[in-house]
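Breakdown of the fold
Chain residues, written in single-letter form:
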Amino acid sequence: EDIVYAKVTGQITDASDGSEDAIVRWYIMQGGTRRESLSLGPSETVINEASVDKDFRVESDGNANMLFVDGGGASVNVGTTTNTYNAAFVVNNESAELGVDVTDGTTHLGLWGTSGVGTVGTRSNHDLTFKINDNEKFRFTTDNEIGIGGTNYGTDGQVLTSGGAGAAVAWEDA
């Protein structure tokens, strides 16, 4: 029996003049079966097309697991291979502030942790809102106001009161 432990193939997918395309595939023997590990095609690059339990790792200068995709655990980890809480996305940076910053170039929304404190907020001069089904339910404004339901803003020195079950909440002076 001839065993091929690794193989690279190239194939023309479109030979039309002016729109030529090709695909290159890398195969590796794993557990006695040849599996496609990587393919580079005209419209996509695919890693682990065979869906085997195989991890993917990108190293940086100071971290062997700067980007780690856990093939069996179905998670993407940044800066770690550990996924203690079974989350889909994990970020770890023990030497500096840890966080995720989402921005459109102007507004910065993030989750950060440093020195034992977790923070959710904006790092730009913008309100922070909480929505359910795209309807605003709660807002913290840059003017130090708190809004309920998209309106009903309280100011410094006021307390939130309720008339009981089913009654609307209201801000009153303390």
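Residues numbered from 1 in each chain as written. Predicted model: local features only at pLDDT ≥ 70, side-chain atom pairs only at ≥ 80, totals over all residues. Heavy atoms only, no water.

Here's the deal with the layout of surface pockets
In this structure, the largest pocket spans a volume of roughly 180 Å³. The wall of the largest pocket is formed by Ser37, Leu38, Ile47, Asn48, Val52, Lys54, Asp55, Phe56, Val69, Asp70, Gly71 and Ala74. Going through the elements one at a time, strand 3 (33-40) and strand 6 (67-70) are the ones with two or more residues in the lining of the largest pocket. (1 Å grid on protein atoms, 1.4 Å probe; cavity = no way out; pocket = protein on both sides within 12 Å on 5 of 7 lines; lining within 4 Å. Points joined across faces, edges and corners; volume = space filled by probe spheres on them. Helix = DSSP H or I, 4+ residues; strand = E, 2+ residues; numbered from the N terminus.)

Brief notes about the environment of Leu67
Here Leu67 shows up in strand 6. Given the relative accessible area of 31%, Leu67 is considered partly exposed. Beyond its immediate sequence surroundings of up to four residues, Leu67 is in contact with Phe56, Arg57, Val58, Val76, Asn77 and Val78. (Buried < 20%, exposed > 50% of the residue type's maximum accessible area, 1.4 Å probe, protein only. Contact = heavy atoms within 4.5 Å.)

Focus on the packing of aromatic side chains
Here a ring pair, both rings aromatic, is described through the centre-centre distance and the interplanar angle of the planes. Summed over all chains, the structure comprises three aromatic pairs. Measuring from centroid to centroid gives 5.1 Å for Phe138 and Phe140, while their planes differ by 80 degrees, and the two rings are edge-to-face. In this structure Phe138 comes out as partly exposed when scored by relative accessible area, which is 28%. Taking the relative accessible area as the measure of exposure, Phe140 reaches 33% and is therefore partly exposed. Following the ring pairs from residue to residue traces out a cluster consisting of Phe130, Phe138 and Phe140. Geometry around Tyr27 places Arg34 over its ring, the cationic atom sitting 5.1 Å from the centre. (Phe/Tyr/Trp six-rings, centres within 6.5 Å; stacked < 30°, edge-to-face > 60°. Lys NZ or Arg CZ within 6 Å of the ring centre and 35° of its normal.)

These figures come from the coordinates and say nothing about function on their own.
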